[in-house]
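Here are the chains, one letter per residue:
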Amino acid sequence: MRTVVIGGTGHIGTYLVPELVRLGHQVTVLSRGERSPYQNDGRWKQVELVQVDRAAEDAAGTFGERVAGLEPDIVIDLICFTEDSAKQLVEAVHGKIQHLLHCGTIWVHGPSMTVPTTEDTPRRPFGDYGIQKAAIERYLLDQSRRTGLPATIIHPGHICGPGWTPITPAATFNLEVYEKLAHGHDLLLPNLGLETINPVHADDVAGIFLAAIASRSTAIGESFHVVASDAVTLRGYAHAVADWFGQEPRLGFLPIGQLREQLSERDAGAMWDHVAHSPNCSMAKAARLLGFRPRYSAIEAALSGIEWLVDNGKIT
């Protein structure tokens, strides 16, 4: 199989690309070339790397044709963020490929209404990211139903793993949260700390893409969540992290509106987004149709990233 991975040097591609090579795929990765995979793997030597600025080529109307010119059997799109971008790619490759896999987000659901949330739950997204991803999903599934586009959409939760900062128990990305837990210092959580997050290890995200490729006939025309089999409350997450550091958590609680006033604009925005979504998604569909079950629990996924931060001196 000739497989093109768009944006393949990031979180997901770090695990996905070497596995595709191991399975015998002839892999081409398109990326801006601004970073390397998060982990070394000798199989990257067998990958063709093509440097490309997708945003610029989308604007010029050339990106879709660039992908089609590689004559792929499979296209895995990890960095599509607008419906117009998706349309350009589809119009160029439709009828020429066997499978198009798109990376979405569980934020297409908006706030959780009933849990665990299933893939057929009505979409109520908010915020530009969730709204655009929901529009892409709607477009791809409509094309699949009406024109036979062989599309599958994968919706990850909060991606974790070695190499980057996982969402913290305070629903931000501020490393001071981990340092407070590591040293037994006071930490304020929003509300009562009972909102949920839905981490997933990047290796599991790669795994469901591989499972969808292997089960092409049942995956086409479908959307799938990929999260840990359990969601975790902010309070439970804080306890688990503190315990990992050998500390007792010293937690306090404030209404989110008051707590956000004490934070930077970036941290306040991240906290609001994660608390307002408070996702808890089901993995039953992936198990039923793809035979896929995540290897990592929510806490295991998060701790894998935290351990890397400690080992690399990011958390003192």
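Up top you'll find the structure we're talking about.
These numbers were taken from a predicted model, which means no experiment stands behind them.

Focus on the packing of helix H4 (residues 83–93) against helix H5 (residues 128–147)
Part 1 of the reasoning: Where H4 contacts H5, the two axes come as close as 8 Å, and the packing angle between them is 30°. Classified by the interaxial angle, the pair formed by H4 and H5 is roughly parallel. Within the contact between the two elements, H4 uses Glu-83, Ala-86, Lys-87 and Val-90 and H5 uses Gln-132, Ala-135, Ile-136, Tyr-139, Leu-140 and Gln-143.

Describing the packing of aromatic side chains
Part 1 of the reasoning: All chains considered together, the criterion is met by two aromatic pairs.
Part 2 of the reasoning: Where Trp-244 meets Phe-245, the ring centres are 5.0 Å apart and the plane angle is 75°; that geometry is what we call edge-to-face.
Part 3 of the reasoning: A residue is classified by how much of its surface remains accessible, and Phe-245, at 22% relative accessible area, is partly exposed.
Part 4 of the reasoning: Lys-285 extends its terminal NZ or CZ atom over the ring of Phe-224, reaching a point 5.1 Å from the ring centre.

Thoughts on helix H13 (residues 298–311)
Part 1 of the reasoning: The end-to-end C-alpha separation of H13 is 20 Å, in line with the 20 Å expected for 14 residues at 1.5 Å each.
Part 2 of the reasoning: Those residues of H13 not exposed but buried are Ala-298, Ala-301, Ala-302, Leu-303, Ser-304, Gly-305, Ile-306 and Leu-309.
Part 3 of the reasoning: Tucked into the core, H13 has its buried residues touching strand S7 (158–160), helix H6 (176–183), strand S10 (199–201), strand S12 (232–233) and helix H9 (234–244).

Some thoughts on the pattern of salt bridges
Part 1 of the reasoning: Counted under the stated rule, the structure contains twelve salt bridges.
Part 2 of the reasoning: Linking Arg-295 and Asp-203 is a salt bridge whose minimum nitrogen-to-oxygen distance equals 2.7 Å. Pair noted here: Arg-295 is in the loop between helix H12 (284–290) and H13 and Asp-203 is in helix H7 (residues 202–214), with a separation of 92 residues, a long-range link.
Part 3 of the reasoning: Arg-295 gets classed as exposed once you look at its relative accessible area, which sits at 61%.
Part 4 of the reasoning: Salt bridges sharing partners connect three or more residues here, namely Glu-19, Arg-22, Asp-41 and Arg-43.

A word on the nonpolar core
Nonpolar side chains in soluble globular proteins tend to be buried together.
Part 1 of the reasoning: Core analysis: the largest hydrophobic core is formed by 39 residues, its most contacted members being Ile-76, Ile-208 and Phe-209.
Part 2 of the reasoning: At the level of elements, helix H1 (11–22), strand S2 (26–31), strand S4 (74–77), strand S5 (99–103), H7, strand S11 (222–226) and H12 are the ones that each hand at least two residues to this core.
Part 3 of the reasoning: For this core, the leading source of residues is H7, giving nine residues.
Part 4 of the reasoning: The next biggest cluster of nonpolar side chains, apart from the first, holds 29 residues, and it includes Leu-181, Leu-187, Met-271 and Leu-303.

Focus: the sheet that holds S11
Whenever strands of a sheet pair, they do so through backbone hydrogen bonds, lying parallel or antiparallel.
Part 1 of the reasoning: On the basis of which strands lie adjacent, the open sheet formed by seven strands has the order S3-S2-S1-S4-S5-S6-S11 and parallel pairing. Each edge of the sheet is formed by a strand with only one pairing partner; in this case those strands are strand S3 (48–51) and S11. Across the sheet, the axes of successive neighbouring strands diverge by a mean angle of 20°, strand direction being ignored.
Part 2 of the reasoning: Pairing geometry for strand S1 (residues 2–6) and S4, over four bridges, is parallel. When the bridges of S4 are listed, Val-5 appears paired with Ile-76.
Part 3 of the reasoning: Running over the sheet, H7 touches S4, S5, strand S6 (151–156) and S11 and is turned about 155° from S5.

Points about the state of the cysteines
A covalent bond between the sulfur atoms of two cysteines is what we call a disulfide.
Part 1 of the reasoning: Counted by the stated rule, this structure contains zero disulfides.
Part 2 of the reasoning: Left without a disulfide partner, Cys-103 is nearest to the cysteine sulfur of Cys-80, which lies 10 Å away.
Part 3 of the reasoning: Just so you know, Cys-160 is unpaired, no disulfide at all, and the nearest cysteine sulfur is the one on Cys-103, 14 Å from it.
Part 4 of the reasoning: Taking relative accessible area as the criterion, Cys-160 reaches 1% and is therefore assigned buried.

Analysis parameters
- Residues numbered from 1 in each chain as written.
- Predicted model: local features only at pLDDT ≥ 70, side-chain atom pairs only at ≥ 80, totals over all residues.
- Heavy atoms only, no water.
- Axes fitted to C-alpha atoms, helices over the stretch in contact; angles between N-to-C directions.
- Helix = DSSP H or I, 4+ residues; strand = E, 2+ residues; numbered from the N terminus.
- Parallel < 35°, antiparallel > 145°, perpendicular 65-115°, else oblique.
- Contact = heavy atoms within 4.5 Å.
- Phe/Tyr/Trp six-rings, centres within 6.5 Å; stacked < 30°, edge-to-face > 60°.
- Buried < 20%, exposed > 50% of the residue type's maximum accessible area, 1.4 Å probe, protein only.
- Lys NZ or Arg CZ within 6 Å of the ring centre and 35° of its normal.
- Expected span 1.5 Å × (residues − 1).
- Salt bridge = Lys/Arg side-chain N within 4 Å of Asp/Glu carboxyl O.
- Core = buried A, V, L, I, M, F, W, Y, C linked by side-chain atoms within 4.5 Å.
- Pairing = 2+ DSSP bridges.
- Disulfide = S-S within 2.5 Å.

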